[in-house]
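Coordinate inspection notes
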Amino acid sequence: MYSTLSIDPSVFYFGTPVALLTTGKASDAVANITPISSAWALDDTYVLGLSNLSHAMSNLRENGELVINLPDAPLWESVERIAKTTGATKVPPLKQERYRYEPNKWALGGFTPRPSEAVAPPRIAQCPVQIEARVTNMTPLGATGDATTVHAKVLRTHVHRCLAMPGTSHINLEAWNPMYYTFRHYFSQGERVGVNFRAEW
Ligand SMILES: Cc1cc2nc3c(=O)[nH]c(=O)nc-3n(C[C@H](O)[C@H](O)[C@H](O)COP(=O)(O)O)c2cc1C
């Protein structure tokens, strides 16, 4: 038995995978890239938690197409290079102290666009998993209304060849090394400690 202490954390980021959302308006010359970690899937729907101040949210309200790109852990420095930026030309007052406008996060992070097949925003070639998706629902999140829960249905999934298991749609778990965001630190995945009774391989 453990004894416990009551604590008051300022954030509850106990560790979730990092995703890089690519979004854009039809008029944009360059698609935007938004690092997030509030993302999880149930069946073929992703649930994303997005600040209403993000340019991603503005793009998704106009054009509900996106790619959920999943970086692996060694890409953390590229993610951190774009972390202090926003694709919003007018940086919201609440973000001005820490963030600046960046029109081309691709160049800044060293990312390469690759055309998508089912949606307009491009995929990020360096990310080993790229999930094309379309928004199906948006719900205000929290009492202050400053964030939104976005539901996005998966349309198509691409993986680097080294992650694919030939003849199946399974991911090679020996090769998959997702990046986790834990209390604003980047982590890679630890060792496998067990397997669920529903695992298929
Ligand atoms: C690793 C990481 C995870 C983040 N997770 C989220 C998140 O889940 N939701 C969110 O709204 N912002 C998140 N942020 C902050 C946004 O990336 C940040 O507000 C950024 O300026 C948004 O870019 P945009 O305005 O161009 O969309 C995260 C940032 C980093 C670096």
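Residues numbered from 1 in each chain as written. Predicted model: local features only at pLDDT ≥ 70, side-chain atom pairs only at ≥ 80, totals over all residues. Heavy atoms only, no water.

Turning to the sheet that holds strand β12 (residues 147-159), a few remarks are in order. Spatial ordering of the open sheet is given by β3-β2-β6-β11-β12-β5-β4, a layout of 7 strands whose pairing is antiparallel. The two strands at the open ends of the sheet, each matched to only one other strand, are β3 (32-36) and β4 (39-42). Averaged over all neighbouring strand pairs, the angle between strand axes comes to 35°, with direction disregarded. Of the strand pairs in this sheet, strand β2 (residues 19-23) and strand β6 (residues 65-70) are connected by 3 bridges, and their pairing is antiparallel. Each residue of the ladder has a partner; that of leucine 20, found in β6, is asparagine 69. (Pairing = 2+ DSSP bridges. Helix = DSSP H or I, 4+ residues; strand = E, 2+ residues; numbered from the N terminus. Axes fitted to C-alpha atoms, helices over the stretch in contact; angles between N-to-C directions.)

On to the pairing of β12. In the sheet, strand β5 (residues 45-51) pairs with β12 via 7 bridges, with the strands oriented antiparallel. Across the sheet, the residue bridging to serine 51 is alanine 147, located in β12. The pairing of strand β11 (residues 129-141) with β12 spans 12 bridges and is classified as antiparallel. Following the sheet pairing, isoleucine 131 is matched in β12 by threonine 157.

Throughout the structure, instances matching the rule amount to 5 salt bridges. Linking glutamate 102 and arginine 100 is a salt bridge whose minimum nitrogen-to-oxygen distance equals 2.9 Å. Given a relative accessible area of 13%, glutamate 102 falls into the buried group. The shortest N-O distance in the salt bridge between glutamate 117 and arginine 156 comes to 3.0 Å. Linking glutamate 117 in the loop between β9 (113-114) and β10 (123-124) with arginine 156 in strand β12, this pair joins segments that are 39 residues apart in sequence. (Salt bridge = Lys/Arg side-chain N within 4 Å of Asp/Glu carboxyl O. Buried < 20%, exposed > 50% of the residue type's maximum accessible area, 1.4 Å probe, protein only.)

As annotated in UniProt, the feature "domain: Flavin reductase like" (unreviewed entry) corresponds to residues 14-187 in the numbering used here. The span residues 14-187 shows a helical share of 11% and a strand share of 40%, and its end C-alpha atoms are spaced 11 Å apart. (UniProt positions renumbered as here; feature names shortened; annotations may be inferred.)

Tracing the backbone through its elements, the reader meets asparagine 137 in strand β11. Placed 25 residues apart in sequence, asparagine 137 and cysteine 162 show a C-alpha to C-alpha distance of 34 Å. Those residues in contact with asparagine 137, other than ones at most four positions away along the chain, are Thr149, Val150 and His151. (Contact = heavy atoms within 4.5 Å.)

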